[in-house]
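An overview of the molecular structure
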Amino acid sequence: MSEPLRTSRRRWIAAWAVTGAVGLVVTAVLNASSAPAPRPEEPVRAVCAERIAGMEKQLAKARREGGGGVLTFSRVKGGTEDDCDEELRDHFGGGR
């Protein structure tokens with residue numbers, strides 16, 4: 001009489017093991033496929049290009065005078081205007 005119970009336990013353990021293995025495989029596949037796509041290159045707007053050119057001039061002047069760099073701040077009030085943040089980070093390397 002205990003034999004059918006033992007077989008039933010083995011089936012439950014095997015079912016749980018298969019379910020766990022399938023879950024791990026599915027998780028790995030989903031994690032691999034959900035990698036963020038690279039951001040497409042967008043042209044730099046004219047306003048941002050002017051700001052970057054001005055900063056490049058200041059940086060070149062600072063290097064000629066023996067300085068190490070230029071510190072710049074955003075003039076955006078309350079986040080209503082675009083301050084070319086992404087373009088600046090792309091151009092100057094984002095602190096890397």
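A brief report on the enclosed structure follows. Owing to the predicted nature of the structure, the values given are computational and were not obtained by experimental measurement.

**So, the side chain of E87**
In this structure, E87 sits in helix 3 (residues 85-92). Once you skip the residues sitting within four places of it in the chain, E87 turns out to touch V44, R45, C48 and I52.

**Side note on the packing of helix 2 (residues 46-64) against helix 3**
Two numbers describe a pair of packed helices, the interaxial angle and the distance between the axes. Packing of helix 2 against helix 3 leaves a shortest axis separation of 10 Å and a crossing angle of 45 degrees. Relative to helix 3, the element helix 2 is oriented oblique. Note on packing geometry: the crossing formed by helix 2 with helix 3 is right-handed. Facing helix 2, whose interface residues are C48, I52, M55, E56 and L59, helix 3 presents E87, L88, H91 and F92. Taken together, the residues of the contact of helix 2 with helix 3 sort by class into 6 nonpolar, 1 polar and 2 charged.

How each quantity is defined
- Residues numbered from 1 in each chain as written.
- Predicted model: local features only at pLDDT ≥ 70, side-chain atom pairs only at ≥ 80, totals over all residues.
- Heavy atoms only, no water.
- Helix = DSSP H or I, 4+ residues; strand = E, 2+ residues; numbered from the N terminus.
- Contact = heavy atoms within 4.5 Å.
- Axes fitted to C-alpha atoms, helices over the stretch in contact; angles between N-to-C directions.
- Parallel < 35°, antiparallel > 145°, perpendicular 65-115°, else oblique.
- Left-handed = near helix turned anticlockwise from the far one by under 90°.
- Nonpolar A, V, L, I, M, F, W, Y, C, P; charged D, E, K, R; others polar.

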